[in-house]
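Structural description and commentary
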Amino acid sequence: EQSEKLKFIQDTLKKLNKQLLIIIAPSKATFFPEYIPDEWRTEKTRTNYDAYLENFESKKIDYINFNSWFLSLKNKSAHPLYPQYGVHWSIYGTYLAFDSIIKNIEAGKKYDLPELKNIRYELPDTLRSPDDDVYRGMNLLLKPKSYQMAYPILDVQEDSTKTKPSLLVVADSYFWSINNFWLMDKVFNNYRFMFYYHDIISHSSPQKTVSQLNMKDEIKRSDIIILLCRTADLHRLGWGFIDDCYSFYKVEKTK
């Protein structure tokens, strides 16, 4: 049912010259299943992840599957994609995802976005936030040793000939590290991040909640809408956004 709604939303937004992009983020459990204790393992059955992939393919819904991509890079990437003592993808993994999102948007040949520049990598002996968020919450007497993590130093090349579309993001905590690059406003205009479709995270205005906004107007002033969700959260993909957006345009179509 949610996939049917997403297909309707995607097709409707395309007619309005807008793009809807679904992004499936990985999770640490799917990336490192070998470290799950035997007593916590369960027999694999059909999952929301399996069902959504089938529906996205059959209905031709635009999506990026970072879960499968990260797994394919697990033993090949130049630097770790997941930290030992962090919940989410590494800062290096975040950079790969951010770069891929930009390239995916440009692949439609509608937008030529400002260019993301990786100036260099820093390879410190200590972990940087949020690669150490699990460790910091453990209240340990001694800091455990970790393998070395890579930290890209990024910038965006300003160019008046480039296009900066308006972007609305509805996502879980996996988008925080992309948001924390502080580069979104250099790549996109009118960038808004709706955390779990509740809190509005903005670099330039006071924090609000979705309930304080006219969401129909927010969608109308967006060129690109991204829904990002990790595999474990797919049972609540969009956190209510899909139903709201569907109701806005379905009602208009039936009038």
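Residues numbered from 1 in each chain as written. Predicted model: local features only at pLDDT ≥ 70, side-chain atom pairs only at ≥ 80, totals over all residues. Heavy atoms only, no water.

With 50 residues, the main nonpolar core has Trp 89, Phe 98, Phe 175, Phe 188 and Ile 226 as its most contacted residues. Elements with a contribution of two residues or more to this core: strand S1 (19–25), helix H4 (66–72), helix H5 (91–107), strand S4 (151–157), strand S5 (166–171), helix H8 (184–187), strand S6 (189–195) and strand S9 (224–230). Ranked by the residues each element gives to this core, the list is headed by H5, at nine residues. With 30 residues, the next largest nonpolar core counts Leu 168, Met 194, Leu 234 and Cys 245 among its residues. (Core = buried A, V, L, I, M, F, W, Y, C linked by side-chain atoms within 4.5 Å. Buried < 20%, exposed > 50% of the residue type's maximum accessible area, 1.4 Å probe, protein only. Helix = DSSP H or I, 4+ residues; strand = E, 2+ residues; numbered from the N terminus.)

With mixed pairing, seven strands are arranged side by side in an open sheet as S2-S1-S9-S5-S6-S7-S8. A single partner strand is all that each edge strand has here, and the edge strands are strand S2 (63–65) and strand S8 (208–209). Alignment of S5 against S6, held across five bridges, turns out to be parallel. Pairing of Val 169 across the sheet is with Phe 193, part of S6. In the packing of helix H3 (residues 48–58) onto the sheet, contacts are made with S1 and S2, and the angle to S2 comes to roughly 140 degrees. (Pairing = 2+ DSSP bridges. Contact = heavy atoms within 4.5 Å. Axes fitted to C-alpha atoms, helices over the stretch in contact; angles between N-to-C directions.)

Over its 17 residues, H5 runs 24 Å from end to end, which matches the ideal 24 Å to within 8%, given 1.5 Å per residue. Taking burial as the measure, the 17 residues of H5 include 13 buried ones, the bulk of the element. Just downstream of H5, Lys 109 is the residue with a positive phi angle, here 60 degrees. (Expected span 1.5 Å × (residues − 1).)

Across the junction of Ser 129 and Pro 130, the peptide omega takes the value 5 degrees, indicating a cis bond. Unlike most non-glycine residues, Tyr 196 shows phi in positive territory, near 55 degrees. Its place among the elements puts Tyr 196 in the loop between S6 and strand S7 (199–201). Its identity as a non-glycine residue notwithstanding, Tyr 197 has a phi of 55 degrees, on the positive side. Positionally, Tyr 197 belongs in the loop between S6 and S7.

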